[in-house]
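Notes for the structure review
Below are the chains, spelled out letter by letter.
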Amino acid sequence: MKLDTELALAMRLADAAGAAIRPHFRSGLGAERKTDASPVTIADRAAEEAIRRILKAEVPRDGIIGEEFGEDAASNNRTWVLDPIDGTVSFLGGRPIFGTLIALLVDGWPVLGVIDQPILGERWVGASGRATTFNGKEVRTRACPQLDQAMLATTGPQYFDDHQGEHFMALAAKTDHKRMMMGGDCYNYGLLASGHLDLICEAGLKLHDWAALVPIVEGAGGTMCDWNGEPLHQGSGDHVLAIGDPARLEDVIEAMACHH
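Reading the values: rules and limits
Residues numbered from 1 in each chain as written. Predicted model: local features only at pLDDT ≥ 70, side-chain atom pairs only at ≥ 80, totals over all residues. Heavy atoms only, no water. Axes fitted to C-alpha atoms, helices over the stretch in contact; angles between N-to-C directions. Helix = DSSP H or I, 4+ residues; strand = E, 2+ residues; numbered from the N terminus. Parallel < 35°, antiparallel > 145°, perpendicular 65-115°, else oblique. Left-handed = near helix turned anticlockwise from the far one by under 90°. Contact = heavy atoms within 4.5 Å. Nonpolar A, V, L, I, M, F, W, Y, C, P; charged D, E, K, R; others polar. Expected span 1.5 Å × (residues − 1). Polar contact = N/O pair within 3.5 Å; in protein donor to acceptor, adjacent residues only side chain to side chain. Buried < 20%, exposed > 50% of the residue type's maximum accessible area, 1.4 Å probe, protein only. Pairing = 2+ DSSP bridges.

So, about the packing of helix α4 (residues 162-174) against helix α8 (residues 249-257). Contact geometry of α4 with α8 gives a least axis separation of 7 Å together with a crossing angle of 125°. Our classification of the angle between α4 and α8 gives oblique. Crossing of α4 against α8: the hand is right-handed. Judged by residue contacts, His167, Ala170, Leu171 and Lys174 of α4 engage Val252, Ala255 and Met256 from α8. Across the contact of α4 with α8, the residue classes break down as 5 nonpolar, 1 polar and 1 charged.

A few words now on helix α2 (residues 42-58). Compared with the 24 Å implied by 1.5 Å per residue over 17 residues, the 25 Å span of α2 between its first and last C-alpha is a close match. N-cap assignment for α2: the residue whose side-chain oxygen lies 3.1 Å from the backbone N of alanine 43 is threonine 41.

What follows concerns the pairing of strand β13 (residues 199-202). Where a strand is regular, its side chains alternate between the two sheet faces. With burial as the criterion, each face of β13 is covered, one bearing Leu199 and Cys201 and the other bearing Ile200 and Glu202. The sheet contact formed by strand β11 (residues 152-154) and β13 spans 2 bridges and is parallel. Within β13, the position partnered with alanine 153 by the bridge is isoleucine 200. Pairing of β13 with strand β15 (residues 240-243) involves 4 bridges; the strand directions are antiparallel. By the bridge assignment, leucine 199 is partnered in β15 with isoleucine 243.

That's the geometry; what it means functionally is another story.
What follows is the structure, encoded as structure tokens:
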């Protein structure tokens, strides 16, 4: 693959999505409920449609997996994974901490990722073998000497079932839980890549929720994995960790298992 070409395409995809989203922000837009009860708006659909139009015109052999319009199979080993508005609840609430997620998978592994926040004009970009950038400047995760110093974030406790919640709370108890953050969706991962958070723990995620985040976190010096510490690929499950300082990986895995 020609990484510079793919990155340029991903930037245009993010620009197109942002242009579709911005007119609807804080407009009093209503939402529908999908089969899983999560909200969806015309802005979600318009943004994904804008991205798909470009992909189908320019890379028609590539596959597409999108949150709103499903999967178009690839005729090669490349698939674009799209979440037009990750954080629709924040979008509906007027909070500019949602983001458009764009990922490219090659043979099922994330090699390119974009988090675009179209209201604040903030964009994180990661790609295999390259340093992650925030608005064009390289960023790095921060060191975390001990787990009890870690600032932990998650989208919300409502996304954990009882068993998952036990694991999460076992981890939270070992961190600096007085500074724990709730809410943020993909925006948290950008903050972690930029060195403002140390640890994110989620459950119930789908491929479109995390595929773009892997190159961004790892290109900034962090690591992403499942709750067993295994690398994330297209066949991974829905339990996701992002760790700014990879030296804390074993501590995190041990903490999450400690209540057994």
